[in-house]
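Listed here are the chains, written in short residue letters.
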Amino acid sequence: MARTRPILTEQPLDAAWKAAGQAGAEAVAAQAVAVQAAASITLAAVLWPSISAAHAMAGLASALGPWLPLRPLPDQQVVVVMPGSGGAGRGAKVPGGPPGAVRAAAAITLGVEEEFVLLDPSTGVTVPAGPDLVRMLDREPGVQEELMQFQVETGTRVCSGLDDLGRELVRLRRLAAAAAARLGCRLVASGVAPYRTPGLAALTCQPRYQELARRYGPVVAEAGTCACHVHVGVPSRDLGVQVLARLRPWLAPLLAVTANSPIADGHDTGWASWRYPIQSRWPTAVPPAVWPDAVAYDTAVRRLIGRGAALDERSVYFLARLSPRYPTVEVRVADVCLDAGTAVLLAGLIRALVATALAEARRGTPVAAAPAGQVAAALAAAARQGLAGAGVDPFTGQAVDAPALRSRLLDHVYPALRDGGDTETITRLLHRLDQRGTGADRQRALFTSTASTPAFITALARVTLSGYEPAPLAPGPMPGSRHSCARAGT
């Protein structure tokens, strides 16, 4: 397997290598746009024939506003402040550790942002109650407005353990759902609204959203999808870029596990994640490239903005990126999860991936080659099939069962799960996923088994509030992995 050159992040980069990275950043930015164009055309022409390639490429024109520079962070310590943390005073310090050290996953803080739709309980149509809901909960910093008025976003505080995160996710879901009920609607965790949406008429009245609509009208009109964004603290932005390079091949199995948007416009789309092809219309909604350092990353971001592919840093929608607001790596590939337990599973896997990537970067392990076209093909297959069919191996480009890709992911992160004490939690959640199916599987089952639209919406709202139970599980094999908890001594 071909491998790229290792980058030793604990030492100053070789001057020539850094200069080459900076000089090549413009080409990287152009490659990101080109990959998006290719992916959009492929989705339009092959997997999504009802959408023209020209429509899929909407929004590439027009000049953009000023770039807001990203600031480097100290290499040995960061303060992680998430939307629901209540301010910098409640941030969590994350030690960077000595060169070459392997940090346990449990030592790495994390937080989650979830987006939800507000639906009429009788008709299933979207309800533009998001701004009213946020005003009703004005003392809760973890609940915010979103792009469309029929959406609302929650953001957890900084968490150090998965059980802590699970309780926080459940608390915010129940808080928002109770407020939604008082406004006569239902809070539902679905990657897309299951019935027709009103387009730009539902746009939230914020200046930034209005400018997005002015410049990217056709894309924004189809927006309003709901994602789960996982933030994981990193000790420096250079290391964060290293993490991004090592996350790229694993984005597809993460999407397959969390796919949760099969129903749109009142019918089954045939996709496990219909949100993914909609999101792919944004020119920057692509996997991250392999950059040598944060300087090259920042240069690529500036080029994308300057070429009209994004309004600002926040609208550079890489599927995994350096957060423009927090000292974290932000993984954005997943649909919002139907229940809180699946969101905890996603967050635990991503934190283990980050811990594994940090250890590899500090050892100087080369980044395994995963060509952009193969990564894009793997993501499209995951969005179409979820865990129910064939996937694409992002390293080889060969067809492979989606469960086999999940197994490969579990084997890759098992040492980090073991060292962080998360094997029992992840094992329990994987068993539950295997028993109940993905969000897409469960939505389809509810859609076909419920007798009416009100019954379907009621069922979705009920599952959205299903809790995360930190109950112990007897040690046993991790589903789909060659490892077992018993062998790990948990």
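The structure we're discussing is the one just above.
Keep in mind that this is a model prediction, so the values were computed, not measured. Once a new chain begins, its residue numbering starts again from 1 and follows that chain's sequence as written. Per-residue local features of the predicted model are confined to residues with pLDDT of at least 70, and side-chain atom pairs are confined, for both listing and counting, to 80 or more; whole-chain, interface and lining totals are unaffected and use all residues. Only hydrogens and water are removed before side-chain values are computed, so all heavy atoms of the structure are retained for them.

1. Some details on helix α14 (residues 402–420)
Note: α-helices contain 3.6 residues per turn, so residues at a spacing of three or four share the same orientation.
1) Next: In this model α14 runs 26 Å from its N-terminal to its C-terminal C-alpha over 19 residues, within 8% of the 27 Å that 1.5 Å per residue would give.
2) Next: In the structure, α14 departs most strongly from a straight axis at valine 413, where the bend amounts to approximately 50 degrees and where the proline proline 415 lies between one and four residues downstream.
3) Next: What α14 keeps buried is the set Ala402, Leu405, Arg406, Ser407, Leu409, Leu410, Val413, Tyr414, Ala416, Leu417 and Gly420.
4) Next: Glycine 421, located one to two residues past α14, shows a positive phi value of around 75 degrees. What counts as a helix is a DSSP run of H or I of at least four residues, what counts as a strand is a run of E of at least two, and both are numbered from the N terminus. Given the number of residues in a helix, its expected span is that number minus one, multiplied by 1.5 Å. In this scheme, the bend at a residue equals the angle between the axes fitted to the seven residues that finish there and the seven that begin there. Between buried and exposed lies partly exposed: a residue is buried under 20% and exposed over 50% of the maximum accessible area for its type, with that area taken using a 1.4 Å probe on protein chains only.

2. A closer look at the side chain of arginine 173
1) Next: Residue placement: arginine 173 occurs in helix α5 (residues 162–182).
2) Next: By relative accessible area, arginine 173 is classed as buried at 1%.
3) Next: Whenever two N or O atoms come within 3.5 Å, that pair is a polar contact, provided that in protein one can donate a hydrogen and the other can accept it, and provided that, for residues adjacent in sequence, both atoms are side-chain atoms. A distance of 2.8 Å separates the side chain of arginine 173 from the backbone oxygen of cysteine 337, its partner in a polar contact.
4) Next: Residues contacting arginine 173, with those up to four places away along its chain left out, are Glu114, Phe116, Leu187, Ala189, Val336, Cys337, Leu338, Asp339, Ala340, Thr464 and Leu465. Note on definitions: a residue-residue contact is assigned when non-hydrogen atoms from the two residues lie within 4.5 Å.

3. A few points about helix α11 (residues 294–306)
1) Next: With 13 residues, α11 extends 18 Å from end C-alpha to end C-alpha; this agrees with the ideal 18 Å at 1.5 Å per step.
2) Next: Within the span of α11, buried status applies to Ala294, Ala296, Tyr297, Asp298, Thr299, Ala300, Val301, Leu304 and Ile305.
3) Next: Two to three positions downstream of the cap, the backbone nitrogen of valine 295 sits 3.2 Å from a side-chain oxygen, assigning the N-cap of α11 to aspartate 293.
4) Next: Phi turns positive one or two residues past the end of α11, at glycine 308, with a value near 85 degrees.

4. Digging into the pairing of strand β5 (residues 151–155)
1) Next: Most of β5 sits out of view: 5 of its 5 residues are buried.
2) Next: A two-sided burial pattern is seen for β5, the buried positions comprising Gln151, Glu153 and Gly155 on one face and Val152 and Thr154 on the other.
3) Next: By the bridge criterion, 5 bridges tie strand β3 (residues 110–119) to β5 in an arrangement that is antiparallel. Residue pairing for β5: phenylalanine 116 is matched across the bridge by valine 152.
4) Next: In this scheme, strands are said to pair when DSSP sees at least two bridges between them. With 3 bridges connecting them, strand β4 (residues 143–145) and β5 associate as antiparallel partners. Bridging from a neighbouring strand, valine 143 pairs with threonine 154 of β5.
5) Next: Adjacent in sequence and paired antiparallel, β4 and β5 are bridged by 5 residues.

5. Quick word on the nonpolar core
1) Next: Among the nonpolar cores identified, the biggest contains 88 residues, and Leu254, Trp291, Val331 and Leu379 are the most heavily contacted of them.
2) Next: For this core, the element with the most residues is helix α12 (residues 340–363), which contributes 15 residues.
3) Next: Filtering out sequence-adjacent residues up to four positions away, leucine 379 remains in contact with Leu251, Ala252, Leu255, Tyr276, Pro287, Leu319 and Val333.
4) Next: Membership of the second largest hydrophobic core comes to 49 residues, among which are Ala129, Val152, Ala180 and Ala189. Residues belong to one nonpolar core when they are buried, are Ala, Val, Leu, Ile, Met, Phe, Trp, Tyr or Cys, and are joined through side-chain atoms within 4.5 Å.

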